[in-house]
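Residues per chain are reported as follows:
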Amino acid sequence: MSSETMESKQQRPLGVLAALPQELGDLVDAMRAEGGLRTVTVGRRDYHVGTVHRVPCVVTLARIGKVAAAATASALIHVFDVEAIVFTGVAGGVGSHVRVGDVVVANALLQHDLDASPLFPRYEVPLLGVTHFAADLALADELAAACERFVADEGAALAEQFRLNGARVHRGLVISGDRFVSSSEEVGALRAALPEALAVEMEGAAIAQVCYEHDVPCAIVRTISDTADDHASASFTSFLTDIAHAYSSGILRRFLEARAGA
Ligand code: ADE
């Protein structure tokens, strides 16, 4: 067998990323414990290559915002040849029934701050002709199933420990923009403009656009850290410090273990 054929038989890795370390959970430690990792630095980011919960992965931090997310997704695709991308992290709740401690798995993503009107319709990515980027349905289903198992196993204990109102899993539209949304007025305006939006964050739609342009499947999961209102920054900070890690570790472990067993 030629080396080219042997190489093509190797399983392509999964790209797994978050904006901030607290949002990635224990993934890098799990990779280190499972047989070590190789760290490659590209564009001022460290990409950790190895196996987590028996799945070959490239794990990294995008940092905050759409440009950072797009650059990281691009490197995952071009330098590491990932077969798919999974993004994990926190978000502000926008849907009226979405509460702190809930989890949202994106079915589709849109950039709420993109406005090239009147040249192009509001929210449309100019010259691509697209407003909504679909998540990969099979991957999003796997992720949502992992979230349901996590909530069933650990939701009640987390709710009691952190005084949350329980934890529910939602599927739907996630909107992204280069703004931390932190006033009742602004989240109200987003709700009015995009009534189907469940959650707002700062990276997902950029990842989804890059994946769409390269035909790479992607899925995005977000735990609700705040409700994007006047209390958002305090709620975000304490959720990120105290809770986000437990959600990401628990969801990703179940997601990866199921993939390894598939
Ligand atoms: N990520 C978490 N909370 C957010 C908010 N309120 N706005 C934007 N991104 C967020």
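It should be noted that the structure appears before, not after, this text.
Note that the structure is a prediction, hence the values are computed from the model and not measured. (Residues numbered from 1 in each chain as written. Predicted model: local features only at pLDDT ≥ 70, side-chain atom pairs only at ≥ 80, totals over all residues. Heavy atoms only, no water.)

A closer look at the pattern of salt bridges
Summed over all chains, the structure comprises 15 salt bridges. The salt bridge partner of D115 is R122, with a shortest N-O separation of 3.5 Å. We classify D115 as partly exposed; its relative accessible area is 41%. The class for R122 is partly exposed, based on a relative accessible area of 37%. We note a salt bridge from R171 to D141, for which the minimum N-O separation is 3.0 Å. One end of the pair, R171, is in strand β8 (residues 169-176); the other, D141, is in helix α5 (residues 137-162), and 30 residues separate them in sequence. Given a relative accessible area of 31%, R171 falls into the partly exposed group. Note on D141: relative accessible area 39%, which makes it partly exposed. Beyond isolated ion pairs, a larger network of salt bridges with shared partners links E23, E201, E203 and R222. (Salt bridge = Lys/Arg side-chain N within 4 Å of Asp/Glu carboxyl O. Buried < 20%, exposed > 50% of the residue type's maximum accessible area, 1.4 Å probe, protein only. Helix = DSSP H or I, 4+ residues; strand = E, 2+ residues; numbered from the N terminus.)

Digging into the pairing of β8
Within β8, seven of the eight residues are buried, which leaves it mostly tucked inside the rest of the structure. In this structure, strand β6 (residues 103-111) lies alongside β8, joined through eight bridges in parallel fashion. Within the sheet, the bridge partner assigned to V104 lies in β8 and is H170. Note that β8 and strand β9 (residues 197-201) share four bridges and pair parallel. Residue V174 lies in a different strand from β9, and its bridge partner there is A199. (Pairing = 2+ DSSP bridges.)

A word on the pairing of strand β5 (residues 84-93)
Here is the key point about a regular strand: its side chains alternate between the two faces of the sheet. Counting buried residues in β5 gives ten out of ten residues, a clear majority hidden from the surface. Across four bridges, the pairing between strand β1 (residues 14-18) and β5 is parallel. Within β5, the residue paired with L17 across the bridge is F87. Relative to strand β10 (residues 218-226), β5 is paired through eight bridges, and the arrangement is parallel. Looking across to β10, one finds that A91 is bridged to I224. Two strands pair when backbone bridges link them, and β5 and β9 are joined in this way by two bridges, in the antiparallel orientation. Counterpart to G92 in the pairing with β9 is V200.

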